[in-house]
Amino acid sequence: MKKPLSVAGAALLTVLAAVFAFGQPAHAAAGFSVSGGRLYDANGTEFVMRGVNHAHTWYPQQTSSFADIKALGANTVRVVLASGDRWARNSAADVSNVISLCRANRLICVLEVHDTTGYGEQSGAITLDRAVDYWLSIAGALQGQEKYVIVNIGNEPYGNQGYGTWATDTANAIKRLRTGGLTHTIMVDAPNWGQDWSFTMRDNAASVFAADPQKNTVFSIHMYGVFDTAAEITDYLGRFRTAGLPIVVGEFGFNHSDGNPDEDTILAYSQANGIGYLGWSWSGNGGGVEYLDMVTNFDPNQLTTWGQRIFNGANGIRATAREASVYAGTSPSPTTSPTTSPSPTSSPTTPPPSGGCTAVYTIVNSWQGGFQGEVKVTAGAAAISGWTTKWTFANGQAVSQSWNAAVSNSGAAYTARNVDWNGRLGAGASTSFGFLGSWNGTNAIPAVTCTAS
């Protein structure tokens, strides 16, 4: 989060000196990588972030938020952490649990240290170098998670004073992380409370990118009152696209105390140009910006005006999010110790007819009274343009949340239909959707039918 600008955000009309083209990083793609200004997951599939920020460090008890955010369609969550300098430190064990929650809910985790916010202007804020100390101290929780985790070094480093060393400090922080053994994609925030009205990040992004030995850095701009016109938004993001430099909108809102951002253009331009966005924030805002809550009191059934806009509006999360391909066909580790292990855990399948489809139901994770399920849909020998799956629970199970499908029911009989983006499947291609459910006594695997259209 940010505070109002204390310096007028007059646009400094400088231009990038040259157009830069950057190839694939030389290291093996154990996790995310950057090429040509775009982000790719470990399978080499382009990944565009569509998600929200969640203030975990201030609300550590709200662990159900990860499933709730996923259920509303997000593919990414940016998680607020603290180094212990301004707020209570998130331990390595806590960070490991956060990552497991992301993985169990098939979300990409962007982890950020918030203690850097407004350094040079905000009392108590820490340097990027100090944030690197924190990351290296919890390296054990991060290593091996490169497919699922992006490291955002520090939130909004520098306020509106003393930001002239941003490029040097950021480049040095990246190099320290690499020397310390972190090979993850790194995200870096702009100065000026994240809004870069001075264009310090914009005009130094190429040199900072080049300073990364792995060429695996993504830039993050926060869009609030400085970005209140379409021209400002498209010009800023467009210059990164032209330069072949990766950019995401790491925070933005539909209103703010420093001005009224043009959220419609942020969403539309990002969608048209394959740019990721992460709205601020899920719930729990204070200090006069409570209107930035997407849900009231962490309740996903109480979407606010902002929540409705970003999740359900034009170019919003539901309509545009694509799950990271690294989750296709995976069974994430449970986040709660299971007290039962249903057998079998997936339904049998037979080859789909030409032009048809099949569906396989799997229990991904089970605990007392609850479970996480997944249905994988596979097209037959011919492409299909849509699909519908149906099943009937025999033991009183009930679905409470779902993602990547439109799920409805009449009693125990359930129907799940494709959403806009995952209905078209090539011959033999697959997609999947998931859900959370309840059970009592028995959690048998139902037979699932699939009908193609």
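The structure this text deals with has already been given above.
Residues numbered from 1 in each chain as written. Predicted model: local features only at pLDDT ≥ 70, side-chain atom pairs only at ≥ 80, totals over all residues. Heavy atoms only, no water.

**A closer look at the overall build of the protein chain**
Step number 1: From N to C terminus, the protein chain includes 10 helices and 20 strands.
Step number 2: Split by element, the accessible area of the protein chain, about 16300 Å² in all, is 50% carbon and sulfur. (Helix = DSSP H or I, 4+ residues; strand = E, 2+ residues; numbered from the N terminus. Areas by Shrake-Rupley, 256 points an atom, 1.4 Å probe, with all protein chains shown as cover.)

**Let's talk about the packing of aromatic side chains**
Step number 1: Per the stated rule, a full pass over the model turns up 26 aromatic pairs.
Step number 2: Judged by centre distance (5.6 Å) and plane angle (85°), the ring pair of Phe252 and Tyr277 falls under edge-to-face. Highlighted residues: Phe252 in strand 9 (residues 247-252) and Tyr277 in strand 10 (residues 276-279), separated in sequence by 25 residues. Tyr277 shares its class with Phe252; the two are buried.
Step number 3: Here the aromatic cluster, defined as three or more aromatic residues joined through ring pairs, consists of Tyr361, Phe371, Trp387, Trp391, Phe393, Tyr414, Phe433 and Phe435. (Phe/Tyr/Trp six-rings, centres within 6.5 Å; stacked < 30°, edge-to-face > 60°. Buried < 20%, exposed > 50% of the residue type's maximum accessible area, 1.4 Å probe, protein only.)

**Digging into the sheet that holds strand 16 (residues 398-403)**
Step number 1: Pairing is antiparallel in the open sheet, where four strands are placed in the order 13-14-19-16. Both outer strands of the open sheet, strand 13 (357-367) and strand 16, are each paired with one neighbouring strand and no more. Sheet twist, expressed as the mean angle between neighbouring strand axes with direction ignored, is 25°.
Step number 2: Across five bridges, the pairing between strand 16 and strand 19 (residues 430-438) is antiparallel. Of the residues in strand 19, the one forming a bridge with Ala398 is Ser438. (Pairing = 2+ DSSP bridges. Axes fitted to C-alpha atoms, helices over the stretch in contact; angles between N-to-C directions.)

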